[in-house]
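Summary of structural features
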Amino acid sequence: MVLKFLRAGGKADSASAAPAGVDLAAGRRAFIQSVGLGVAGSALVGSAGFTPAAAQTVTDTDILNFALNLEYLEAEFYLRAATGRGLTDAEVTGTGTLGAVTGGRQVNFATAAIRNYAVEIASEERIHVQFLRSALGTARVARPAINLTTSFTAAAQAAGLITAGQTFDAFADETNFLLASYIFEDVGVSAYLGAAPLISNKSILAAAGGILAAEAYHAGTIRTVLYSRGLYTPALKISDARDSLDGSTDLDQGIGTASIANISLTNPANGQAFARTTSQVLNIVYLNPSKRPGGFFPAGLNGTIR
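Residues numbered from 1 in each chain as written. Predicted model: local features only at pLDDT ≥ 70, side-chain atom pairs only at ≥ 80, totals over all residues. Heavy atoms only, no water.

**Here we look at the overall build of the protein**
For clarity, the cut-off: Here a helix means four or more residues in a row that DSSP labels H or I, a strand means two or more in a row labelled E, and each is numbered from the N terminus. Here the term buried applies to any residue with accessible area under 20% of the maximum for its type, exposed to any over 50%, and partly exposed to those in between, with areas from a 1.4 Å probe on protein chains only.
Counting its secondary structure elements, the protein contains 9 helices and 2 strands. For the protein, the succession of helices and strands along the chain, N to C, is α-α-α-β-α-β-α-α-α-α-α. Taking all 306 residues of the protein together, the buried fraction comes to 52%.

Shown next, in the form of structure tokens:
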């Protein structure tokens, strides 16, 4: 077995640079060598941010709508970066409050391959949105408000990529685009895996597994390109920032060093991807450890899991 690279170069000194509302002072934690952060669906639901009653009645519809919220975010980010346009009006309606998208524009890619990657990922994220909306039918939630400007600045400051008073424009160039993509992709993989034990319908579970695999391909692509460009340090800082938000575990990993690659983010004990609970995912996309709406979703998600 190849020993997986877990940490190198220390963690980001982000506490002093973290903006208001972003608490990253949790420090490093011990690595938990377990799959899925829990062996039973009830364990995953129990910390998912529901009221006790809601935790007992979570449905496949609730889970798919949670996934749809996250797919809205990824689709809007990648579509704007790749094409300059987001989802159409017909692709964002549903129950709950329909929100606007703040920010985002076409990236002036300098490398044809990276532009092609962005176009492919954008197309597949749009298909994920369309598929989940079709599966949910009239129960689908509307796209919530999405912030693609100050959210990235807050995340970059928290990670120590920039200092207080500076801004991070995810669409300024292809390097910023890649680093911004890295914030999302690993989270998407772990979110689908964490939700899998909660899904009761086997057909839905199989479909979610298919989307998980696609998200893993996306994550592997972004991690590979970042590695090929030697962006080990900023990737590690982003990884540490995510880890500081998602609870008491220390599961996230950077992309490696110049001598050791870590393209696949897996548990070194068994070579499997790890899972996040819905609660952990909310902490990351809200950019705070208390599941308070903010960050990429300033008004919160639509649906039961929010």
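Okay, back to it.
**As for the environment of D246**
Selection criterion: The contact rule is simple, with two residues in contact once any of their heavy atoms fall within 4.5 Å.
Examined against the element boundaries, D246 turns out to sit in the loop between α8 (232–245) and α9 (278–286). Residues D246 and P289 lie 43 residues apart in sequence; the distance between their C-alpha atoms is 6.8 Å. Contacts of D246, omitting those with residues within four sequence positions, involve R276, Q280, N283 and I284.

**Structural notes on the packing of helix α4 (residues 112–136) against helix α7 (residues 202–228)**
Put simply, the test is: Axes here refer to lines fitted to C-alpha atoms; in helices the fit is confined to the stretch in contact. Angles between the N-to-C directions go from 0 to 180 degrees. Orientation labels follow simple angle bins: below 35 degrees gives roughly parallel, above 145 gives roughly antiparallel, 65 to 115 gives roughly perpendicular, and whatever is left gives oblique. Should the near helix be turned anticlockwise from the far one by less than a right angle, the crossing is left-handed, and should it be turned clockwise, the crossing is right-handed. Residues were grouped as follows: Ala, Val, Leu, Ile, Met, Phe, Trp, Tyr, Cys and Pro as nonpolar; Asp, Glu, Lys and Arg as charged; and all remaining residues, including Gly, as polar.
Remark: α4 packs on α7, axes separated minimally by 11 Å, with the N-to-C direction vectors making an angle of 160°. Classified by the interaxial angle, the pair formed by α4 and α7 is roughly antiparallel. Crossing angle aside, the handedness with which α4 passes α7 is left-handed. Contacts between α4 and α7 pair I114, Y117, I121, E124, E125, H128, F131 and L132 from the former with A207, I211, A214, E215, H218, T221, I222 and V225 from the latter. Among the residues forming the contact of α4 with α7, the class breakdown is 10 nonpolar, 3 polar and 3 charged.

**As for the side chain of D60**
As a reminder, the rule being used: For the purpose of counting charges, residues Lys and Arg are taken to be positive, whereas Asp and Glu are taken to be negative. His and the chain ends are not included. Note on definitions: salt bridges are taken to be side-chain nitrogens of Lys or Arg within 4 Å of carboxyl oxygens of Asp or Glu.
When you line up the elements, D60 lands in helix α3 (residues 60–83). No salt bridge forms around the buried D60; measuring N to O, its nearest opposite-charge neighbour K202 is 12 Å away. Apart from residues lying up to four places away in sequence, D60 is in contact with L198, I199, S200, N201 and I204.

**Points about the packing of aromatic side chains**
What counts here: Note on aromatic pairs: the rings of Phe, Tyr and Trp (six-membered ring only in Trp) are paired at centre separations within 6.5 Å, and the planes decide the class, stacked below 30 degrees, edge-to-face beyond 60, tilted for the rest. As a reminder, the over-ring test applies to NZ of lysine and CZ of arginine, requiring each to be within 6 Å of the ring centre and within 35 degrees of the ring normal.
Throughout the structure, instances matching the rule amount to 11 aromatic pairs. What links up through ring pairs into an aromatic cluster is the set F77, Y78, F109, F152, F171, F177, F184 and F296. Here the basic side chain of R242 rests over the ring of Y182, its NZ or CZ set 4.6 Å away from the ring centre.

**Notes on unusual backbone geometry**
Positive phi, normally seen in glycine, also occurs at L287, with a value near 60°. Looking at the secondary structure, you find L287 in the segment after α9. For L287, a relative accessible area of 8% puts it in the buried group. Here K291, not a glycine, exhibits a phi torsion of approximately 60°, which is positive. Within the element layout of this structure, K291 appears in the segment after α9.

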